[in-house]
Amino acid sequence: MDWKDHGELFVRYEKNPILTVEDWPYKAHSVFNPAVTMVDGATLLLVRVEDHRGFSHLTVARSKNGIDSWEIDSEPTLFPDSVNYPEEIYGIEDPRITYVDEMRKWAVAYTALSDSGPLISLTFTEDFHNFERVGAILPPESTDASVFPVRFNGRWAILHRQVSSMVSAKANIWISFSPDMKYWGEHEVLLYAREGGWWDASNIGTCPQPIRVPDGWLIMYHGIRQTTSKINYRVGLALLDLEDPRKVLKRSEGWVFGPREMYERSGDFSDAVIPCGWVLVDDELRIYYGSADTSISLASAKISDILEYIHGCSEDQCSDEYADCLKKTGGN
């Protein structure tokens with residue numbers, strides 16, 4: 001299949017960044033990597049806020065139009081609880097929100113920083129004021145988790161990234177299943193990091209929560225490319241089977257959004273755009289993303305354009321020149 005370079009698909013909001021630490025009602029170092037959902041017609045962000053110790057917590061910001069006039073909680077909405085949940089001793093970060101209609105609750109998957117490394121924790125809420133913590137659901141070192149909103153053959157599903165301290169180990173995107181959202185198993189690799197000079201070689205991870213589209217589950221993921229002097233965080237797309245999310249139907253070869261503007265290229269983590277949430281507003285798919293781990297920005301695309309693009313992508317995770325990587329691993 002011949003590849004066509006489509007460039008970036010998402011258009012940045014002209015007044016980015018939309019939120020910075022200067023907007024915050026209490027002292028903090030930086031704000032970034034927000035999850036997002038719609039509540040009563042308004043956009044709700046669950047923002048990662050880093051304090052001057054370097055520890056993170058989560059705080060809600062609300063906006064009627066999802067662009068400006070943000071109402072921010074006057075104090076942290078969800079704070080680490082290392083007494084009852086010792087895995088949160090070094091903070092909590094990078095949430096993803098999924099509304100689960102069957103439960104009539106939002107599931108919030110987030111990364112807890114334990115003294116053994118990062119791991120996935122889960123909590124539920126009906127109002128973003130009160131939270132029912134499940135606690136740690138996946139062991140270290142796991143990050144970048146998002147829950148599907150429905151069951152598959154009676155089981156819940158979650159996407160996550162597994163990382164390793166081994167120099168030669170890849171960080172791939174995994175999928176796991178659970179009967180009750182507490183005990184998770186049937187772990188398997190869903191998306192493999194590519195190899196060589198690809199934008200998503202060696203290290204990939206889930207971005208926002210999966211979105212159901214007419215013929216599958218649309219997911220966005222970030223890829224990390226290491227050069228001699230730096231690394232870049234960029235994002236791509238994939239389409240999963242509607243009935244069996246273990247099946248990857250389509251995967252973008254090129255990235256669809258990456259750091260370009262100064263607020264994305266310079267900050268606490270330079271050259272990084274990290275969307276942890278997206279929402280569909282009419283025909284507009286909005287991504288809210290952390291800009292260089294320093295501020296929050298907004299970009300959007302027409303969902304019709306996104307679907308046209310992903311349907312034109314390859315059905316193979318790997319093209320011919322690197323397909324042998326899957327033969328070695330037994331992937332699809």
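Residues numbered from 1 in each chain as written. Predicted model: local features only at pLDDT ≥ 70, side-chain atom pairs only at ≥ 80, totals over all residues. Heavy atoms only, no water.

1. Observations regarding the packing of aromatic side chains
Which entries qualify depends on this criterion: Paired rings are identified among Phe, Tyr and Trp, the last through its six-membered ring, by centres lying within 6.5 Å, and are further divided according to the angle between planes into stacked (under 30 degrees), edge-to-face (over 60) and tilted (the rest). The helix count covers DSSP runs of H or I at least four residues long, the strand count covers runs of E at least two residues long, and both are numbered beginning at the N terminus. Think of it in three bands: with a 1.4 Å probe and only protein chains considered, a residue is buried below 20% of the maximum accessible area for its type, exposed above 50%, and partly exposed in between. A positively charged side chain is recorded as over a ring if its NZ (Lys) or CZ (Arg) lies within 6 Å of the ring centre. The angle to the ring normal must also be within 35 degrees.
Taken as a whole, this structure holds 12 aromatic pairs when the rule is applied. Judged by centre distance (6.3 Å) and plane angle (75 degrees), the ring pair of Phe10 and Phe257 falls under edge-to-face. Here Phe10 is found in the segment before strand S1 (11-12), whereas its partner Phe257 is found in the loop between strand S18 (248-251) and helix H1 (262-265), with 247 residues between them in sequence. The burial state of Phe10 is the same as that of Phe257; both residues are buried. Between Trp70 and Tyr288, the aromatic rings sit 6.5 Å apart at their centres with planes inclined by 90 degrees, giving edge-to-face as the arrangement. On the criterion of sequence distance, the pair formed by Trp70 in the loop between strand S4 (56-63) and strand S5 (71-72) and Tyr288 in strand S20 (residues 284-291) is long-range, its members being 218 residues apart. Feature note: the residues Tyr99, Trp106, Phe128 and Phe131 constitute an aromatic cluster, connected by ring pairs. Positioned above the aromatic ring of Phe177 is the side chain of Arg155, whose terminal nitrogen or guanidinium carbon lies 4.2 Å from the ring centre. Between the NZ or CZ atom of Arg234 and the centre of the ring of Trp255, over which it lies, the distance is 3.8 Å.

2. Section: the environment of Ile310
Selection criterion: In what follows, residue pairs with any heavy atoms lying within 4.5 Å of each other are defined as contacts.
As for its placement among the helices and strands, Ile310 is situated in helix H2 (residues 303-311). Here Ile310 falls in the buried class, since its relative accessible area comes to 0%. Those residues in contact with Ile310 that lie beyond four places of it in its chain are Leu237, Ala238, Leu239, Lys250 and Ser252.

3. Topic: the confidence of the model for the protein
Definition in use: By definition, pLDDT measures how confident the predictor is in each residue, and it falls between 0 and 100.
Overall, the prediction assigns the protein a mean pLDDT of 93, with 94% of residues at 70 or greater. Segment residues 319-323 is flagged for pLDDT under 50; beyond a separation of four residues in sequence, or across chains, it makes 7 contacts in the model.

4. With respect to the sheet that holds strand S21 (residues 295-302)
Here is the rule: Paired strands, in this sense, are two strands between which DSSP finds at least two bridges. Orientation is described by axes fitted as lines to C-alpha atoms, over the contacting stretch for helices, and by angles from 0 to 180 degrees between their N-to-C directions.
Ordered in space as S1-S21-S20-S19, the 4 strands form an open sheet in which the pairing is antiparallel. In this open sheet, the two strands that pair with only one neighbour each are S1 and strand S19 (273-281). As paired strands, S1 and S21 are joined by 2 bridges and run antiparallel to one another. When the sheet's bridge partners are listed, Val11 is paired in S21 with Ser300. Running over the sheet, H2 touches S19, S20 and S21 and is turned about 75 degrees from S21.

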